Amino acid sequence: MRSVTYSMNTSLDGYIVDPHGAIDWSDPAEEVFRFWTDEIRGTGAHLLGRRLYETMLYWETVDRDESLDAAELEWAALWKALPKVVFSRTLTTVRGTNTRLASGTLTEEIERLRAEPGDGDIAIGGATLAAEAAAADLIDEYRTMLHPVLVGGGTPFFPHHGRRVNLELVESRTFGSHVAYLRHRVTPRNSPRP
């Protein structure tokens with residue numbers, strides 16, 4: 001069965017966006033950008049909230065920009081080819097290649113995608129959408145790209161629902177830019193501790 005993953009850049013104090021809505025502190029070094037590109041290759045569908053969808057629209061037309069390097073053009077091509085589902089209470093249409101507005105609930109969309117033939121993870125982007133998925137126990141893995149910065153507030157990476165979720169660290173990596181990647185798998189609630 002296809003895994004549901006939640007991957008985002010996060011500050012050391014746990015935020016994906018700072019108090020002013022900025023993400024410039026998470027601009028990736030070349031090796032981190034390459035890692036994200038490799039990760040998107042393993043993605044079969046991406047579910048986005050409205051705000052992240054609007055941010056990612058940049059990649060739909062950026063390939064026309066002659067100042068882009070080969071790595072950015074590669075990312076744009078992969079992003080455009082990726083099936084994307086947007087969840088919004090305010091949008092009635094969406095733009096972008098292989099992009100559609102969700103027609104069902106988050107649970108229904110994930111069940112539909114898991115039932116379809118195909119490979120690759122079902123990625124969730126955006127804290128609000130991830131919080132909804134976490135509350136419904138739909139997330140299989142949390143993947144954080146931890147940046148060495150304290151931003152002092154903003155939008156938190158981890159959804160808080162007043163409940164415990166046990167995680168197992170299954171992969172970690174440190175980049176030369178002092179960014180650390182942590183991949184945690186959700187463990188079954190009743191599994192015994194080692």
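All figures in this text were calculated on a predicted structure; none of them were measured in a lab.

**What to know about the overall build of the protein**
The helix and strand tally for the protein stands at 6 helices and 10 strands. Its C-alpha atoms give the protein principal-axis dimensions of about 55 × 40 × 30 Å. In the protein, which comprises 194 residues, the proportion classed as buried is 42%. Pairs at least 24 residues apart make up 69% of the contacts formed inside the protein by residues separated by at least 6 positions. Surface exposure of the protein reaches about 10,900 Å², of which carbon and sulfur atoms provide 51%. The average position of the 21 basic charges and that of the 28 acidic charges among the side chains of the protein differ by 6 Å.

**A short note on the environment of L101**
Among the secondary structure elements, L101 is positioned in strand β5 (residues 99-101). As a C-alpha pair, L101 and L91 span 10 residues in sequence and 8.2 Å in three-dimensional space.

**Quick look at the pairing of strand β4 (residues 84-87)**
The alternating pattern of β4 places K84 and V86 and V85 and F87 on opposite faces, both of which are buried. Taken together, the 4 bridges between strand β3 (residues 43-49) and β4 define a ladder with parallel strand orientation. Bridging across to β4, L47 finds its partner in V85.

**Section: the pattern of salt bridges**
For side chains bearing opposite charge, pairing can occur when the charged atoms are close. A full pass over the atoms with the stated rule returns 14 salt bridges. The residue E171 makes a salt bridge to R183 at a minimum N-O spacing of 3.0 Å. Pair noted here: E171 is in strand β9 (residues 167-174) and R183 is in strand β10 (residues 180-186), with a separation of 12 residues, a long-range link. The class for E171 is partly exposed, based on a relative accessible area of 32%. For R183, a relative accessible area of 18% puts it in the buried group.

**Describing the packing of aromatic side chains**
Throughout the structure, instances matching the rule amount to 12 aromatic pairs. Considering the side-chain rings of F35 and Y181, the 4.4 Å spacing of their centres and the 55° angle between planes classify their relative orientation as tilted. With F35 in helix α1 (residues 30-41) and Y181 in strand β10, this residue pair connects regions lying 146 residues apart in the sequence. Like Y181, F35 is buried. Look at W59 and W75: their rings are 6.0 Å apart centre to centre, the planes differ by 75°, and that puts the pair in the edge-to-face class. Of the two residues, W59 is situated in helix α3 (residues 58-61) and W75 in helix α4 (residues 70-81); the sequence distance between them amounts to 16 residues. For the pair W59 and W75, one class covers both residues: buried. An aromatic cluster is defined as three or more aromatic residues linked by ring pairs; in this entry it consists of F33, Y58, W59, W75 and W79. In this structure, K84 packs its charged tip against the face of W79, placed 5.2 Å from the ring centre.

**What to know about α4**
With 12 residues, α4 ought to run about 16 Å at 1.5 Å a step, and its terminal C-alpha atoms sit 17 Å apart, in line with that. Turning to α4, its buried residues number three or more, namely W75, A76, W79 and K80. Across the axial projection of α4, the buried residues extend over an arc of 125°, all falling on one side. Structurally, α4 contributes buried residues whose contacts are with α1, β3, α2 (50-56), α3 and β4. At the N-terminal boundary of α4, the capping side chain belongs to D69, with an oxygen 3.1 Å from the backbone nitrogen of A71.

**Some words on helix α5 (residues 106-115)**
Helical geometry: 3.6 residues make up each α-helical turn, so side chains three or four residues apart lie on a common side. Buried residues of α5: L106, E109, I110 and L113, and no others. Along the axis of α5, the buried positions cluster into a sector of 95°, meaning they face one direction only. Opposite its buried face, α5 presents the exposed residues E111 and A115, each directed more than 90 degrees away. Check the buried side of α5 and you find it contacts β1 (4-11), β3, β4, β5, β6 (121-125) and α6 (127-135).

Rules used throughout
Residues numbered from 1 in each chain as written. Predicted model: local features only at pLDDT ≥ 70, side-chain atom pairs only at ≥ 80, totals over all residues. Heavy atoms only, no water. Helix = DSSP H or I, 4+ residues; strand = E, 2+ residues; numbered from the N terminus. Buried < 20%, exposed > 50% of the residue type's maximum accessible area, 1.4 Å probe, protein only. Contact = heavy atoms within 4.5 Å. Areas by Shrake-Rupley, 256 points an atom, 1.4 Å probe, with all protein chains shown as cover. Lys, Arg positive; Asp, Glu negative; His and termini not counted. Charge placed at Lys NZ, Arg CZ, Asp CG, Glu CD. Pairing = 2+ DSSP bridges. Salt bridge = Lys/Arg side-chain N within 4 Å of Asp/Glu carboxyl O. Phe/Tyr/Trp six-rings, centres within 6.5 Å; stacked < 30°, edge-to-face > 60°. Lys NZ or Arg CZ within 6 Å of the ring centre and 35° of its normal. Expected span 1.5 Å × (residues − 1). Arc of directions from axis to C-beta. Polar contact = N/O pair within 3.5 Å; in protein donor to acceptor, adjacent residues only side chain to side chain.

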